[in-house]
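Here is how the chains run, residue by residue.
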Amino acid sequence: MTAPSREGQPEQRAGGDRPGGAAAERGLARAEELVARAVLWGALGLLAAGGVAHLAGAPGVRDAAWLAVGSAGALWSGLLVVAALARGRLGVDAIAVLAIAGALAVGELLAAAVVTTMLASGRVLEERAARRARVELTALVARAPRTARRYEAGRAVEIPAGEVQPGDLLVVGPGEVVPVDGRVASELAVLDEAALTGEAAPVERPRGDAVPSGVVNAGGPFDLRATTTAAGSTYAGIVRLVDQASAASSPFVRMADRYAAWFLPLTVAVAAGAWLASGDPVRAVAVLVVATPCPLILAAPVAIVSGLSRAARRGVIMKGGAALERLAAARTLVLDKTGTLTSGRPEVAEVVTTGDLGADQVLALAASLDQVSPHVLAGPIVQAALDRGLDLLLPEGVEELPGRGIRGRVGDRVVTAGKAAFAAPAPRPEAWRAAQRRAAADGTMTVFVGVDGAPAGVILLRDEVRADAARTIRRMRQSGIDRVVLATGDRAEIAEAVGAVVGADLVLAERLPEDKLAVIDAERRRGGVIMVGDGINDAAALALADVGVALGARGATVASEAADVVLTVDRLDRLAAAMDIAGRSRRIALESVLAGMGLSLAAMGLAAWGLLAPVAGALVQEAIDVAVIANALRAAREARSRSRLDGPDVELWRRFRADHDRLRPIVADIRHVADALDTDPIPRLLPRLERLRTQLVEELEPHERAEGAELYPILDRLLGSPDATATMNRAHVEISHYIRRLDRLVDQLRDHGPDEGDVAELRRVLYGLHAIADLHFVQEEQGYFALLDDNSPDGPAR
């Protein structure tokens, strides 16, 4: 088992975000907005007062009012330019200074006042638009838990969340936010995980399940065993990511500044040319006015931040606009396997013992050690021990080594768990080698357990490939990914099997964390690289890749810290959605900038020919700015739905998808019962066979019939043919045939007892039924459910 390390976090990418600078950036932006509002309201008041004085025949008062507005505008815009220069930027605000100063110089006081008003209104509009775009990000920060209730001497005592330590037993009351990552220590916890995952329905977590900080207790009080500190928890990492996202400046926004570097001299040149050609300085002022403020300073930030906010709404946190843009431009995808391409919910299939300890003792010791580990395999081992009613002890002196394993003291024993070479020194017993051979044949994972330096046992775990893995990779290829690499520490035969399922171009097995760095470095020579992982052993590779993506819903917090993008929902297809959002946001930003610049250039041409006066030019430019911002805000909205499903169809699709999740364990149990025929006599196995038969007859078979009668007609309609699902309906017939055959066999075994032929036939039927049912489920999930996803109002395609 690859165990997480609590050593230092990877260094942030050079040129990346500035941790801790977000609060200062937000404070400065807020101060600038307040000044812009003051200038706006003052300008509006004096502009109106000048208009009233004009109508009243008081030109002196009129000119004084408009001169005051223009002078204030010149001073304010000049300060903006100085502030930009202090940050190493010279933007198009310089044009505003020239326009206002020029208007004052030629006596166009009304134009100077109007430009000042428009500049201030543009600033206020930009800040409001950006704040609207950031609403999901700021809401995440506002919910950060600050206190916890810890058991001390049998009483629950409220303490600051920062004082919680791994191993502490906490109580979480109804409606309270879970303060730190941990495992459920009560029988059941009902949680509202919408803040992290976007899923509205409450989720039930049984004893031993991992729970991330930041979710809300939607049921009764439950106990939580802390596995991290508050600073190291999932939600704290997300808050830091949001801070960095707020402070970061995207390459596209910086590219807008580079455009401004040539747009500024172009504007001055056109203005000077118009003046020289006509001899009228007013034309030069009109040219400067229509170029102020250029949409460059408005469109790009609003579109990029809108994309960040929309991604957050989908359960994807991006570390600023730079990450969003690199995600849109990447061409190579590198993936870890366990917990990334697989479900991350392995189940203990068997415990093989090799010493004096029994299977339950080996499992209890390993589970005791894993109670304080956030590793993806730790939870299933703990859960298996709890399901067997085993007593667990709190470990001491735990040490975790990435890519190797975990060790610590449990009671009076030193326990190690992980790879064979780490768990116990050579020579290793034949039972260990036999377990390795069996795992290679079955595609299962192995956790080797050593006790007091001697081999004690091997825990075999099964972890299924995610139903959405292959579909997600296909969608990412459509979004621009042209190479997929699977890099994992698992054995070659397991890695190659998973790679074939998901369609990887290259499979690299038995790679240690440092080996993954070499893989990333090699792939970066071909272009932008996305690395996806969920454990601390992936953290360095996540930091090295152009875009590191961490599965933060159940992954290690340090992986989330090292990543540029964090999926807070345990769904890989959200990565494809994030790539779609990134590409769309960048396209909208580019559209807005180019359209705004084009309109500004056209207006400049009209002003140079004398067809636009300075005041009219200011109004035209303001209309351009409003249009550009409105277009940029499209990035915050969902793309137009391509839905061809109505409400009842969508509900039916959701029902059958939920049925698949519910029936998956039954399909897996068919194989488990078949395997048990090798070790258990039929009389001992008969109750389990009868229970399985009941589940197949009363749950699986009715589900298959209902699919054919209710769901498949919808698919036929979407595919445009009444025979589109004919082959899948044939699979329903085969499944029903095998279930009826199993039904008769179980009756025969119960009534007449087994003979050698009956056992062989039972094995054949069980393995055959499992093969057909499992393949059928995979085909539906990767084919038909994907089609329904893309045609539903809230499917991941948007």
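Residues numbered from 1 in each chain as written. Predicted model: local features only at pLDDT ≥ 70, side-chain atom pairs only at ≥ 80, totals over all residues. Heavy atoms only, no water.

### Describing the packing of helix H12 (residues 359-370) against helix H13 (residues 378-387)
Two elements in contact, H12 and H13, have axes whose closest approach is 8 Å; the angle formed by their N-to-C orientations is 130°. Taken together, H12 and H13 sit at an angle that is classed as oblique. For H12 against H13, the interelement crossing comes out left-handed. Contacts from Leu 363, Ala 366, Ala 367 and Asp 370 of H12 reach H13 at Ala 378, Ile 381, Val 382, Ala 384 and Ala 385. Residues of the contact of H12 with H13, tallied by class, amount to 8 nonpolar, no polar and 1 charged. (Axes fitted to C-alpha atoms, helices over the stretch in contact; angles between N-to-C directions. Helix = DSSP H or I, 4+ residues; strand = E, 2+ residues; numbered from the N terminus. Parallel < 35°, antiparallel > 145°, perpendicular 65-115°, else oblique. Left-handed = near helix turned anticlockwise from the far one by under 90°. Contact = heavy atoms within 4.5 Å. Nonpolar A, V, L, I, M, F, W, Y, C, P; charged D, E, K, R; others polar.)

### Some details on the sheet that holds strand E8 (residues 216-217)
Read from one edge of the open sheet, 3 strands run E6-E5-E8, paired in antiparallel fashion. The sheet is open, and its two edges are formed by strand E6 (203-206) and E8, each paired on a single side. Two elements, strand E5 (residues 188-192) and E8, share 2 bridges in a ladder whose sense is antiparallel. Its bridge partner lying in E8, Asp 192 is registered against Val 216. (Pairing = 2+ DSSP bridges.)

### Focus: helix H21 (residues 573-608)
The end-to-end C-alpha distance of H21 is 52 Å, a good match for the 52 Å that 36 residues give at a rise of 1.5 Å each. Trailing H21 by a residue or two, Gly 610 shows a phi angle of about 85°, which is positive. (Expected span 1.5 Å × (residues − 1).)

### Observations regarding unusual backbone geometry
Positive phi outside glycine occurs at Ala 153, with the angle close to 55°. In this fold, Ala 153 is placed in the loop between strand E1 (147-152) and strand E2 (155-160). Residue Ala 153 is classed as exposed on the basis of its relative accessible area of 86%. Positioned with a positive phi, Asp 452 is a non-glycine residue whose angle comes to about 55°. Residue position: Asp 452 is located in the loop between strand E16 (445-451) and strand E17 (454-462). Residue classification places Asp 452 among the partly exposed residues on the basis of a relative accessible area of 45%. (Buried < 20%, exposed > 50% of the residue type's maximum accessible area, 1.4 Å probe, protein only.)

### Regarding the sheet that holds strand E11 (residues 332-335)
Pairing is mixed in the open sheet, where 7 strands are placed in the order E10-E22-E21-E20-E11-E18-E19. At either end of the open sheet lies a strand with only one pairing partner, and these are strand E10 (316-318) and strand E19 (506-508). Here the average twist between neighbouring strands, direction ignored, is 20°. Across 4 bridges, the pairing between E11 and strand E18 (residues 483-487) is parallel. The residue bridging Leu 333 from the neighbouring strand is Val 484, located in E18. Against the sheet, helix H11 (residues 321-329) makes contact with E10, strand E20 (529-533) and strand E21 (547-551), and its axis sits at roughly 100° relative to E21, the strand it touches most.

### Considerations on the environment of Arg 524
On the secondary structure map, Arg 524 appears in helix H18 (residues 513-524). In this structure, the C-alpha to C-alpha distance between Arg 524 and Arg 331, residues 193 residues apart in sequence, is 9.5 Å. Discounting chain neighbours no more than four positions away, the residues touching Arg 524 are Val 529, Leu 544 and Asp 546. Within the structure, Arg 524 has its side chain in polar contact with the side chain of Asp 546 (distance 3.4 Å). (Polar contact = N/O pair within 3.5 Å; in protein donor to acceptor, adjacent residues only side chain to side chain.)

### Quick look at a nonpolar patch on the surface
On the surface, Trp 262, Leu 266 and Leu 601 cluster together into a nonpolar patch covering about 250 Å² of accessible area. Within the element layout of this structure, Leu 601 appears in helix H21. Using a relative accessible area of 35% as the deciding quantity, one classes Leu 601 as partly exposed. (Patch = residues over 30% accessible without salt bridge, like charges linked within 9 Å, V, L, I, M, F, W, Y side chains within 5 Å. Areas by Shrake-Rupley, 256 points an atom, 1.4 Å probe, with all protein chains shown as cover. Salt bridge = Lys/Arg side-chain N within 4 Å of Asp/Glu carboxyl O.)

### Digging into the environment of Ile 95
With respect to the secondary-structure elements, Ile 95 resides in helix H3 (residues 93-105). Sequence separation of Ile 95 and Phe 263 is 168 residues, and the distance between their C-alpha atoms is 9.5 Å.

### Brief notes about the side chain of Gln 371
Position of Gln 371 among the secondary structure elements: in the loop between H12 and H13. From its side chain, Gln 371 meets the backbone oxygen of Leu 393 in a polar contact 2.7 Å long.

### Focus: the confidence of the model for the protein
Taken over all residues, the pLDDT of the protein has a mean of 79, while the share at 70 or more is 82%. Across residues 1-22 the pLDDT falls below 50, and counting only partners more than four positions away or on other chains, this stretch makes 67 contacts in the model. Overall, residues 793-798 carries pLDDT values under 50, and its contacts beyond four positions in sequence, including any with other chains, amount to 25 contacts. (pLDDT = per-residue confidence, 0-100.)

### A short note on the pairing of E5
With burial as the criterion, only one face of E5 is covered, namely that bearing Ala 189 and Leu 191; the residues Leu 188, Val 190 and Asp 192 on the opposite face remain uncovered. Note that E5 and E6 share 4 bridges and pair antiparallel. Looking at E6, one finds that Leu 188 is bridged to Pro 206.

### Quick notes on the packing of helix H24 (residues 682-719) against helix H25 (residues 726-752)
The geometry of H24 relative to H25 is characterised by a closest axis approach of 9 Å and an angle of 155° between their N-to-C directions. For the element pair H24 / H25, the angle class is roughly antiparallel. In this structure, the crossing between H24 and H25 has a hand that is left-handed. Taken together, the residues of the contact of H24 with H25 break down into 13 nonpolar, 4 polar and 9 charged.

### Quick notes on helix H2 (residues 59-86)
If you check H2, its first and last C-alpha atoms are 40 Å apart, about what 28 residues at 1.5 Å a residue would give, namely 40 Å. All buried positions along H2 are accounted for by Arg 62, Ala 65, Trp 66, Val 69, Gly 70, Gly 73, Ala 74, Trp 76, Ser 77, Leu 80, Val 81 and Ala 84.

### Topic: the pattern of salt bridges
The tally for this structure, following the rule as stated, stands at 31 salt bridges. In this structure, the salt-bridge partner of Lys 516 is Asp 336, at a minimum N-O distance of 3.1 Å. Pair noted here: Lys 516 is in helix H18 and Asp 336 is in the loop between E11 and strand E12 (347-353), with a separation of 180 residues, a long-range link. Take Asp 336: its relative accessible area is 5%, and that puts it in the buried class. Across the salt bridge formed by Glu 399 and Arg 407, the nearest N and O atoms sit 3.0 Å from each other. Shared partners join several salt bridges into a network, and the residues in it are Glu 690, Arg 693, Asp 743, Asp 747 and Arg 750.

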